[in-house]
Amino acid sequence: MKISITKLDTVSSTQDHAKHLAEGGATEGTVVVARVQDHGRGRLGRRWLSPEGGLWFSLILRPACPPARVAGLTLLAAVSVTEAINAETGVKAGIKWPNDILIGDKKLGGVLTEMTATMNVVDYVVMGIGLNVNVATDKFPHDLLMPATSLQEETSREANLDEILDVCLKNLARDYELFGGHFNDIMSRWKALSLVLGRQVTVSQPGKCISGTAFDVDGDGALLVSDDQGATHVVHAGDLSILR
Ligand code: BT5
């Protein structure tokens, strides 16, 4: 995949900008990065705070896979980016299924995977990555789903945004090559970074809540949770809280 980067100043959301480019035929590997997003978004239309100093980017992919497999790309991106940050800055970030990048119990970043598909064919995927790099999270509102942190706060130094973007994209491009045939490799690296396996969790879904022990992820990236009655739940989406 050849990476080609478009750098923008303030946008509503890099996701929207990238979608527009994808609709116009932009090739896989097209990246949109913005200094500031004034309507950055998370999953389910939630707000994503995107002030100056953070790394906010979207990558266009055109995977030759059925739509059901695209959820695996969220896990892939979380692995690629978490490994990049850990290697580049020396922090020990981990992954909270499905899309949160945490340091300890604070959120450093997140992944948002959006897809356009017709029938059983993926047209394009826009993979959005948000990372609090040189961001003061004490300025964030207090009603976040979980406390936030930034690389600057964790390491007490400013990181170079271009360098972080570069290592993230190199890892993403390398790992995307494994997506078709060697997804097991991604999954074992995901497991090594996972903050949820072996933990008591609750996953909230619209109108439903599943509690139990998270014990594995399957080949599609779904979380396997065993409840108190010993039943296994295959969880494809939801908001996860770690209880203990
Ligand atoms: C995510 O959603 O974690 C996905 C975030 C993806 C953001 C990137 S930035 C580039 C691209 N363009 C976009 O517009 N989006 C993508 P979710 O799991 O739904 O988490 C959202 C929740 O995280 C919010 O409801 C807040 O509680 C919290 N939050 C918002 N901004 C945050 C921030 N900068 N750092 C930490 N937590 C934040």
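Residues numbered from 1 in each chain as written. Predicted model: local features only at pLDDT ≥ 70, side-chain atom pairs only at ≥ 80, totals over all residues. Heavy atoms only, no water.

1. Details of the environment of V32
For V32, the location among the structural elements is in strand 2 (residues 30–37). What makes V32 buried here is its relative accessible area of 0%. In this structure the C-alpha to C-alpha distance between V32 and L108, which are 76 residues apart in sequence, comes to 20 Å. In this structure V32 touches T6, L8, T14, H17, A18, L21, W56, F57 and S58, once residues within four positions along its chain are discounted. (Helix = DSSP H or I, 4+ residues; strand = E, 2+ residues; numbered from the N terminus. Buried < 20%, exposed > 50% of the residue type's maximum accessible area, 1.4 Å probe, protein only. Contact = heavy atoms within 4.5 Å.)

2. Some thoughts on the domain arrangement of the protein
As far as domains go, the protein holds domain 1 (4–193) and domain 2 (200–242). Between the C-alpha centres of domain 1 and domain 2 the distance comes to 23 Å. Every contact between the two is made by 14 residues of domain 1 and, on the other side, 16 residues of domain 2. Where domain 1 abuts domain 2, roughly 1,000 Å² becomes buried across the two surfaces, and 56% of that area is made up of carbon and sulfur atoms. When the area that domain 1 buries against domain 2 is broken down by residue, the three leading residues are K96, W97 and K191, summing to 51%. Along the contact surface separating domain 1 from domain 2 lie three salt bridges. Across the pair R43 and D239 runs a salt bridge, and its minimum N-O distance is 2.6 Å. Our count for the domain 1 to domain 2 interface comes out at six residue pairs in polar contact (both at pLDDT 80 or more). The element best represented in the side of domain 1 that touches domain 2 is helix 5 (residues 183–193), accounting for four residues. The residue inventory of the side of domain 1 that touches domain 2, partitioned by class, reads eight nonpolar, one polar and five charged. (Domains from an automatic or database assignment. Buried area = accessible area lost by both parts, 1.4 Å probe. Salt bridge = Lys/Arg side-chain N within 4 Å of Asp/Glu carboxyl O. Polar contact = N/O pair within 3.5 Å; in protein donor to acceptor, adjacent residues only side chain to side chain. Nonpolar A, V, L, I, M, F, W, Y, C, P; charged D, E, K, R; others polar.)

3. Comments concerning the environment of G109
Here G109 is to be found in strand 6 (residues 106–118). Residue G109 is classed as buried on the basis of its relative accessible area of 0%. In this structure, the C-alpha to C-alpha distance between G109 and L165, residues 56 residues apart in sequence, is 13 Å. Among all residues touching G109, those that are not within four sequence positions of it are W48, N99, D100, I101, G130 and L131.

4. Regarding the pairing of strand 3 (residues 55–61)
With seven of seven residues buried, strand 3 lies mostly within the body of the structure. Residues of strand 3 alternate between two faces, with L55, F57, L59 and L61 on one and W56, S58 and I60 on the opposite face, all of them buried. Inspection of the sheet shows strand 2 paired to strand 3 by four bridges, in the antiparallel sense. Bridging across to strand 3, V32 finds its partner in S58. Sheet analysis places strand 3 next to strand 7 (residues 121–131), joined by seven bridges and oriented antiparallel. Among the inter-strand pairings, L55 is bridged to a residue of strand 7, identified as L131. (Pairing = 2+ DSSP bridges.)

5. Focus: the sheet that holds strand 12 (residues 239–242)
Taking strand neighbours across the sheet as the criterion, the five strands line up as 11-10-9-8-12 in an open arrangement whose pairing is antiparallel. Two strands in the sheet have a free side with no partner beyond their single neighbour: strand 11 (232–235) and strand 12. Each strand of the sheet is rotated relative to its neighbour by a mean of 45°, with strand direction disregarded. As defined by bridge partners, strand 8 (residues 200–205) adjoins strand 9 (residues 208–217) across six bridges and the pair is classed as antiparallel. Its bridge partner being in strand 9, Q205 is matched across the sheet by K208. (Axes fitted to C-alpha atoms, helices over the stretch in contact; angles between N-to-C directions.)

6. Comments concerning the nonpolar core
Residues F57, L73, W97, L131, W190 and L223 are the most contacted members of the largest nonpolar core, which totals 54 residues. Ranked by residues supplied to this core, first place goes to helix 2 (residues 71–89) with nine residues. Per-domain counts for this core show at least three residues from each of domain 1 (4–193) and domain 2 (200–242). (Core = buried A, V, L, I, M, F, W, Y, C linked by side-chain atoms within 4.5 Å.)

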